[in-house]
Every structure is written in C-alpha cells, then in structure tokens.
Amino acid sequence: MMDLIKRAVSRIFLHTQFIRFIVSILILVLLQSAAILLIKSISNQYLLDKEIDRLAYQNIDETRRFMDTLLNDIHSLTIALANNKKMSETVQLKDIDAMSDRFEQIGNRLLEVYVSSYSIDSIYVYYKTIGMIQSPIIGVKTLDELENVDWLTAIQQNPIAKNWFISTPVNGAQPPIVSLIQPIPLLGNSVDGAIIVNLNSKMLFEVPLVQQDGEQVWIVSPDGNYGFETDTGNPIPTDRFQLVSEQLRKGKESFALTMDDSKYSFRQSISPISGWKYVYAVENSSVRVVKGPLDMMVAAVMILFTIGTALYMYWTGRNIYRSIMEKDLELSERIQKNYPFMKESFLYQVLNDKKLNKQQLVHQFRYFGMDISEEGLLVIVFRIDDFVNFSRKYSDFDQGLIIYFLDKTIEELASESFRAMTYNSNSRDVVVLCSPAGPLDQNEFRIKALALVDRINHYVEQNLSITTSVGIGDVGTDASQIYVSYRQALLALESRFVKGFRAVIPCWELPPQKPLHTKLFDIRKKAEPELLKAMKTKSEIKACSSLVELKNALEQPEGYSLGLIQHTFWELLLVIIHRSAELGARPEAVNITEMYDKIMEMETCDHIMAWFEETLQGISNSMAPMEENAKSADVVQQIVEYIDNNYDKEISLGGIADQLGLDPSYVSRLFKNESGVNFMEYLLSLRIKRAKELLITTKNTVADVGRSVGYENTHSFIRIFKKYEGVTPGQYKDAYHRKALDVNELY
C-alpha cells in the first residue's frame, strides 16, 4: 500500500486529482467523529420530541374534553334561551309597555340559567329595538346604567354570528370577563337582540387536573388575544404570552422558546367544537427520555460506516493511479464531443442573463474561439419570414437542414467582416454576435453591420429560396451589454408587423419608446358598434370607418408590440362573436379554436386585416334577420303560457330555447326585457304563490305541497320557501290554521 502511495505521489505534478482525492478522504475521516456527535444529538432530539408529543397529547386531550364539555353546556344553555318562543317574540316587540308583561317570565328563565353553572358571573338579554338589557339580578336597565357594555361592540361588528368576547374590568383588579354572545334569532340576516353570558375566567379556566413539575396547559381565546393558565385560572403573564402568541398566530403546531432562562417546548391544538386553542408547554429539562435500541443502532451504523470508509480508501487508492490517465483521455474526448452543446448552452445564458460577470464572459468567449475587442459588440437577429407556411411546406428534416445551412452561411459571411459567433436553437431565429477585428467608432460599426446584413440576405434569398427579416441591436461597450443589444434586436423585429417581410430594422432608427396608452383600446371600443351595425345590415365590413382608423393607427410607428396587436384583434373578434349570436348568427359558422390559432399565426398588418375582414363578413353572411327567428312579444308570451301550465314539472330555459330554435342567452335576455324578471325568478315566484294557496286551502303535508309545485326534494322546497317568505312552509301553514281545544277530547 505504501509503495502504491509513493508511486502515485511521484506523479502529483502531472495529476493533481490524486492528491485531491487523498485530502478529501482525510477530511472525511476527520469529519466522521463530528458526524457521530451530530447523529447522537439528532437521535436525542428525536426521542425528546417524541416524548413531548406523547405528554402533550395526554394533557391537552384531558383538558380539552373537560373544557369542551363545560363550554358546550354553556353554549347549549344560550341556544335554548335564544330558541325560546317567548324570548324570540319579546325581542321583536318595539313597545316597552307591551314587553313589560313578559319581563318577569324571562327573568325567571334567566335566573334558572344563572344558578345552573358555577362559572356564570352574570347573564343579560339585550333588546335591540328598545336599547335596553334585562338581568335576573338588576332587572331591566338602559345601556347607560351598565358599567361594562364592551360586548355591544362585538354585536355591532358581527351581529349574526356567535361571538366569544373577552374584556378587562374597569378597576383592573378583577379577572377578565369572558362573554358568550348568542344572537336572537339564531338564523336569518337580521338581529333583534342577543343573549350575553358573562363568565368568571378564573373559575371557568381552573381545570381540576394534575400537572407535573415543569408542565403547563394554557387555554387561548379563538382570536388569540387572551390566554389563561389551567392550574390557577389566571391570565398568562404578559411577557410570556407575547412570546407564545407570535408563534400561535403563525399557525405553528409545535415550536420551542426560551423563557425564564430555560428552554421550553410547545404543542398547540385547536378544539373543533369551541374554537379555543389548547397549548401544552413543558420545560425540556424536566422531560425524561427513555433510551433504547436506537442508541445501539446508531453505534452499529457508525461502525459499519468506519469499516466501509476504510475499504473504500483501500480499493479506490489502489485503482486511481492506474485509471488516472484513462480518465484524462476520456474527459478530453467527452469535452470535444459535447463542445457544440456547451457552446450553445453558454450562448443561451449570455443572451438571456443580464447579471453575468464581464471578465468571466471575456474568458469564456475566448475558450469558445472568439475574442471580444475593446470597440464592443452588437447582436443581429435573422428571422425566417412566414414561418408558419415554411413549417407546412418542408418536412422536419428539411427544415432542420435549411436552418443549419442558414446558420453556417451567416457565420461564414459574418466572419469575413467581424469576429463572429452564431446561435440557433432549432427555431426560426439565428442570432449572430459581432465584434470588430480592428478600431471602429460607433457609426462605422453600424454602417458595416448594415452592409453585412444586406449581403447575407441577398445570398440567402438566392441560394436557400427563403427570406429573412432582420433586427439589429445597438453597439455595446463590453460583453456584459450583449443582453441589452439582443433585447433591442428583438424589439426592432416587432416592427416587422408593419414593415412586412424582408424588413431590415436597426434599433437606432426606431422612434423613442412611449408609455403604453389607451389609443388602441379607444379605437377598438369605437369599432365594436359600427361593425355590429354593418353585420346586422349586411353592409361591407371593410368599408367601416373605424376599421380603417384602426388600420391607420397600426401603421403608425407607435411602438405597438405584435402580441398587443394580436390581443386587440382577438378581443374585438370575441365581442363581435358574442354579440352576433344575439343577432342570429349560426354557431357552426364560428370555430373559436381555429380562429385563435389563425390570428396568432399572422405576422404582418396586411395579412391580419384581410383575414379579419373576411372572417367578419363570413359571420355576417351566416346571420338571419331577427324577424325570421321570432317576434319578441310572441316568444315571451309562449314561454309565460308554457310556464303557467308546467310550473310543477322539471322545465328549463335551455330546453325551451332548443324547442323554439333560439339561442338560450338570447331567450334569457328577451324574457327579462319583456317581463321585467328573469326566467328562474318568474318560475320560482309562481311556484311559491301556488304553494301558499295550497298551504292555506288544503290539509296536505309540506312534502305533498312541495311535490305539487315541482319540488321532489322537500328540503329544497323548505329552503326556497323560507328564502322568499321569511318562514318555513310549516310555520306559514300554522299561522293560518290556529290550533284549538276540542271539549270532547282529553289532552
């Protein structure tokens, strides 16, 4: 082994890889001890977390079951009060004299609830209509006579929801007051009053469960603003609660904090019943971790790791010297083989990343055979014209061959005038980077680049039977400006939409970029009604003045991008298609997917305008006069008569429109314009009207009445009836059929 190392070291001056390997192995061995300590630490932390999870589950589960039962009992009492018929009727009254006879009975009921739970401090009924409250202790008082009416804020902010509200007494000496607010009525969008139960927080949250040293179980309000200790019922000290509440608001179920110079672990659980949060806190040093087979397993793994490392060092060290020459040769061959791909990847990064280091770029360009001169460089982009037809005309193989020859032609001709390098990713663009071989000022550089483009375009058109449009970026001072010059060239190519094919567009001849304005949008909006009118009257589409104005705007050098222009025409076409359906256009005359693909293929202004005019003319020709479809009033009258005779069956607007041979959206608008309501509103109102008649005049059950008006599902009938009438069908029926006593019956 030593002989092998000596022979390997004797070749270090030729192969530094060997010494790197030896150093890495030595570092690996040194780090092994640190790895053992780290794994041991991770193992201990895992066991600690597992034990804390077990303790947290046990303590939180017991506390939560106890508190959920207590809070649920109080909640049930408030629901029973809110559901009390006399209570509901009383809070709706607006005359205090009419209410006074009921106060005594309500007070007795409140007193029963008050004495039923040891944690209830006080209980009120809030009468919103008269602005007063009633308590079993102090009777009926105005709000001004109460010391604490903080709960009123919660009712005003969210009147229809049950609220837990916590307030601090004015004197600050008493524990916080926990209030449960239950609206009256329980259901509906309006509130006539509320039940307010004030609970003594100390008595409420003092849980009779044993906690071990170092353990604490806290209860936190649903809004996260208050917390209480379960062993004493007192509020959590402010400094502790502020630390913990920040983590609770982030939704963390487990976290660790340092409190009182000790490290604590926390676990959080939210009650699905009450919404209160239960937090288990334990001092890490008080948790006893039982160590078991895991420690032995860690030791065994480390022993195996040591043995494996030693074997690896032996066998690798024995073979590395023999293979090092072969690896060098193989590496050289692979680099040579992958050179084109490495060059392509490098150029892609240079063109698309503006944060590259200038000095590194110069070295990398030199590696790939191009020196960047001090005069700078510029980027030229050649784009194949009418690429869609080019793709259809040639097979994939022929396309690749033509693009390859285009790339090589550009590189060869560019290299005659500049230090040049081309980039193509099998797309319609060939990018060439040019840097002068000798001194040139900016103007001379530009002129020479334009002359090169003309020579390349002439050669390509003669020999490859294709044409290209060219965008030229401006001269950059160094390699880091390639990104900017490339973007300028691409921006220049956007003008090809107006200039047409074979265009050569230097970026320095473009007008200054203006901020995007609404001129194009205003012209489009103006064109919509005029085009619709022309289609409706069967006029010539291309004669529309707004369309001519749109074309003139596009031909001005305003700097509109091709994407914006295509998007403008697409939005205008969608509006026309949507509105033409109302005018009687046949659906088969419109293929949205095909139209979108077509409009995105257009590359010049003349092409897109000609296609747009032809498409609109075709849609216009497919439209039938409105008189041939139906007279508005006659159609609506037929629909109304049909609904009146079939409201108790499953009918739909779509089915009616199909039968009449009309578009459903057109029928819907027609019905609302003529009747003032939409189809579904008319059908539902007719069903509810008939149901009310049956509930009053017959003894049929609610389910039978629902089926009689078209509702097989009784729950759906009850829900819709209550939405329209404010009461359920049963309540409506009872209101008109008052129950009475029969003297001949025993009750």
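Structure shown above.
Rules of the game
- Residues numbered from 1 in each chain as written.
- Predicted model: local features only at pLDDT ≥ 70, side-chain atom pairs only at ≥ 80, totals over all residues.
- Heavy atoms only, no water.
- Helix = DSSP H or I, 4+ residues; strand = E, 2+ residues; numbered from the N terminus.
- Contact = heavy atoms within 4.5 Å.
- Axes fitted to C-alpha atoms, helices over the stretch in contact; angles between N-to-C directions.
- Parallel < 35°, antiparallel > 145°, perpendicular 65-115°, else oblique.
- Left-handed = near helix turned anticlockwise from the far one by under 90°.
- Nonpolar A, V, L, I, M, F, W, Y, C, P; charged D, E, K, R; others polar.
- Pairing = 2+ DSSP bridges.
- Phe/Tyr/Trp six-rings, centres within 6.5 Å; stacked < 30°, edge-to-face > 60°.
- Buried < 20%, exposed > 50% of the residue type's maximum accessible area, 1.4 Å probe, protein only.
- Lys NZ or Arg CZ within 6 Å of the ring centre and 35° of its normal.
- 1 Å grid on protein atoms, 1.4 Å probe; cavity = no way out; pocket = protein on both sides within 12 Å on 5 of 7 lines; lining within 4 Å.
- Points joined across faces, edges and corners; volume = space filled by probe spheres on them.
- Core = buried A, V, L, I, M, F, W, Y, C linked by side-chain atoms within 4.5 Å.
- Patch = residues over 30% accessible without salt bridge, like charges linked within 9 Å, V, L, I, M, F, W, Y side chains within 5 Å.
- Areas by Shrake-Rupley, 256 points an atom, 1.4 Å probe, with all protein chains shown as cover.
- Salt bridge = Lys/Arg side-chain N within 4 Å of Asp/Glu carboxyl O.
- Expected span 1.5 Å × (residues − 1).
- Bend = angle between axes of the 7 residues up to and from the residue.
- Polar contact = N/O pair within 3.5 Å; in protein donor to acceptor, adjacent residues only side chain to side chain.

Some thoughts on the overall build of the protein chain
At step 1: For the protein chain, the count of helices and strands is 27 helices and 16 strands.
At step 2: Across the protein chain, the fraction of contacts at a sequence separation of at least 24, relative to all contacts at a separation of at least 6, is 65%.

A look at the packing of helix α18 (residues 592-601) against helix α19 (residues 605-621)
At step 1: Two numbers describe how α18 lies on α19: the axes approach to 10 Å, and their chain directions differ by 160°. Here α19 runs roughly antiparallel to α18, going by the angle between their axes. In this structure, α18 meets α19 at a crossing whose hand is left-handed. Contacts between α18 and α19 pair Met 595, Lys 598 and Ile 599 from the former with Ile 608, Trp 611, Thr 615 and Ile 619 from the latter.
At step 2: Among the residues making up the contact of α18 with α19, the classes are represented as 5 nonpolar, 1 polar and 1 charged.

Remarks on the sheet that holds strand β13 (residues 419-423)
At step 1: With mixed pairing, the 5 strands of this open sheet are ordered in space as β13-β14-β12-β15-β16. The open sheet is flanked by β13 and β16 (504-506), the only strands paired with a single partner. Along the sheet, successive strands turn relative to each other by an average axial angle of 15°, direction set aside.
At step 2: Relative to strand β14 (residues 429-435), β13 runs antiparallel, the two being bridged by 5 bridges. Bridge pairing links Ala 420 to Cys 434 in β14.
At step 3: Together, β12 (378-384), β14, β15 (468-472) and β16 form the strand contacts of helix α13 (residues 482-493), whose direction differs from that of β12 by roughly 35°.

A look at the packing of aromatic side chains
At step 1: This structure, assessed with the given rule, holds 21 aromatic pairs.
At step 2: When the centroid spacing of 5.2 Å and the interplanar angle of 55° are considered together, the rings of Phe 390 and Tyr 394 count as tilted.
At step 3: Exposure remark for Phe 390: the relative accessible area of 5% places this residue in the buried category.
At step 4: Taken together, Tyr 339, Phe 346, Phe 365, Tyr 367 and Phe 368 form an aromatic cluster joined through their ring pairs.
At step 5: The ring of Phe 418 has Lys 448 sitting right over it, with the charged end atom 5.3 Å from the ring centre.

Some points on the sheet that holds strand β3 (residues 139-142)
At step 1: With antiparallel pairing, 6 strands are arranged side by side in an open sheet as β3-β2-β1-β6-β5-β4. The open sheet has two edge strands, β3 and β4 (163-167), and neither has a second partner. Averaged over all adjacent pairs, the angle separating strand axes in this sheet is 25°, with direction ignored.
At step 2: Pairing analysis gives 7 bridges linking strand β1 (residues 120-127) to strand β6 (residues 193-200), with the strands arranged antiparallel.

Points about empty space enclosed by the protein
At step 1: Taken as a whole and judged by the stated rule, the model has 2 cavities of 30 Å³ or more.
At step 2: Size it by volume and the largest cavity reaches roughly 50 Å³.
At step 3: Around the largest cavity sit Val 350, Asp 353, Lys 354, Leu 356, Leu 361, Ala 479, Ser 480, Ile 482 and Tyr 483, which together line it.
At step 4: Within the lining of the largest cavity, the residues separate by chemical class into 6 nonpolar, 1 polar and 2 charged.
At step 5: Approximately 40 Å³ is the volume found for the second largest cavity.
At step 6: Lining the second largest cavity are Asn 59, Glu 62, Thr 63, Val 207, Leu 209, Val 210, Gln 211, Val 217 and Thr 230.

Some details on the environment of Ala 527
At step 1: Positionally, Ala 527 belongs in helix α15 (residues 519-536).
At step 2: For Ala 527, a relative accessible area of 0% puts it in the buried group.
At step 3: Between the C-alpha atom of Ala 527 and that of Glu 549, which follows or precedes it by 22 residues, the distance is 8.9 Å.
At step 4: Other than its neighbours up to four places away in sequence, Ala 527 contacts Ser 546 and Leu 572.

Describing the pairing of strand β9 (residues 254-259)
At step 1: Of the two faces of β9, the one holding Phe 255, Leu 257 and Met 259 is buried and the one holding Ser 254, Ala 256 and Thr 258 is not buried anywhere.
At step 2: Where β9 hands over to strand β10 (residues 262-270), the hairpin turn is made up of 2 residues, of which Asp 260 adopts a positive phi near 55°.

As for the nonpolar core
At step 1: Core analysis: the biggest nonpolar cluster contains 41 residues, and Met 67, Val 178, Leu 204 and Trp 276 have the highest contact counts within it.
At step 2: Grouped together as the second largest cluster of nonpolar side chains are 29 residues, Ala 657, Leu 662, Ala 691 and Phe 721 included.

Here's the deal with the packing of helix α11 (residues 396-417) against helix α12 (residues 442-463)
At step 1: Two elements in contact, α11 and α12, have axes whose closest approach is 10 Å; the angle formed by their N-to-C orientations is 145°. Judged by the twist between their axes, the crossing of α11 over α12 is right-handed. Each of Leu 406, Thr 409, Ile 410, Leu 413, Ala 414, Glu 416 and Ser 417 in α11 lies in contact with α12, whose residues at this interface are Lys 448, Leu 452, Arg 455, Ile 456, Tyr 459 and Val 460.

Quick notes on the environment of Val 677
At step 1: If you trace the backbone, Val 677 turns up in the loop between α23 (664-675) and α24 (679-697).
At step 2: Val 677 gets classed as partly exposed once you look at its relative accessible area, which sits at 28%.
At step 3: Not counting the four nearest positions on each side in its chain, Val 677 is found in contact with Phe 671, Lys 672 and Tyr 682.

Observations regarding a nonpolar patch on the surface
At step 1: On the surface, Ile 303, Leu 304, Ile 307, Leu 311, Tyr 314 and Trp 315 cluster together to form a nonpolar patch covering roughly 640 Å² of accessible area.
At step 2: Mapped onto the secondary structure, Leu 311 falls in helix α8 (residues 293-352).
At step 3: A relative accessible area of 48% places Leu 311 in the partly exposed class.

As for helix α4 (residues 96-116)
Helical geometry: 3.6 residues make up each α-helical turn, so side chains three or four residues apart lie on a common side.
At step 1: Here α4 is 21 residues long and its end C-alpha atoms lie 29 Å apart, about the 30 Å a rise of 1.5 Å per residue gives.
At step 2: The sharpest bend along α4 measures roughly 45° and falls at Arg 102.
At step 3: Along α4, the residues classified as buried are Met 99, Phe 103, Ile 106, Gly 107, Leu 110 and Val 113.

Observations concerning the pairing of strand β11 (residues 277-283)
At step 1: Counting buried positions along β11 yields 6 of 7 residues, so the element is predominantly enclosed.
At step 2: As judged from the 6 bridges shared by strand β7 (residues 215-220) and β11, these two strands associate in the antiparallel manner. Across the sheet, residue Trp 218 finds its bridge partner in β11, namely Val 279.
At step 3: With 7 bridges connecting them, β10 and β11 associate as antiparallel partners. Within the sheet, the bridge partner assigned to Tyr 264 lies in β11 and is Glu 283.
At step 4: Connecting β10 to the antiparallel partner β11 that follows it, the hairpin turn spans 6 residues, and Gly 275 within it adopts a positive phi of roughly 85°.

Describing the pattern of salt bridges
A side chain of one charge can pair with a side chain of the opposite charge when the charged atoms of the two come close.
At step 1: Taken as a whole and judged by the stated rule, the model has 18 salt bridges.
At step 2: Salt-bridge contacts for Asp 478 lead to Lys 358; the nearest nitrogen and oxygen are separated by 3.9 Å. Note that Asp 478 is positioned in the loop between β15 and α13 and Lys 358 in helix α9 (residues 358-367), a separation of 120 residues in sequence.
At step 3: Notably, a salt bridge pairs Asp 704 with Arg 707, separated by 2.5 Å at the nearest N-O pair.

Digging into the environment of Glu 530
At step 1: Tracing the sequence through the fold places Glu 530 in helix α15.
At step 2: Through-space distance from the C-alpha of Glu 530 to that of Ser 546 is 7.2 Å; in sequence the pair is 16 residues apart.

Regarding the side chain of Gln 247
At step 1: The residue Gln 247 is located in helix α7 (residues 238-249) in this model.
At step 2: The buried category is assigned to Gln 247, whose relative accessible area is 12%.
At step 3: Here the side chain of Gln 247 touches Lys 252 through a polar contact of 3.2 Å, side chain to side chain.
At step 4: Residues in contact with Gln 247, not counting those within four places in the same chain, are Lys 252, Phe 255 and Leu 257.

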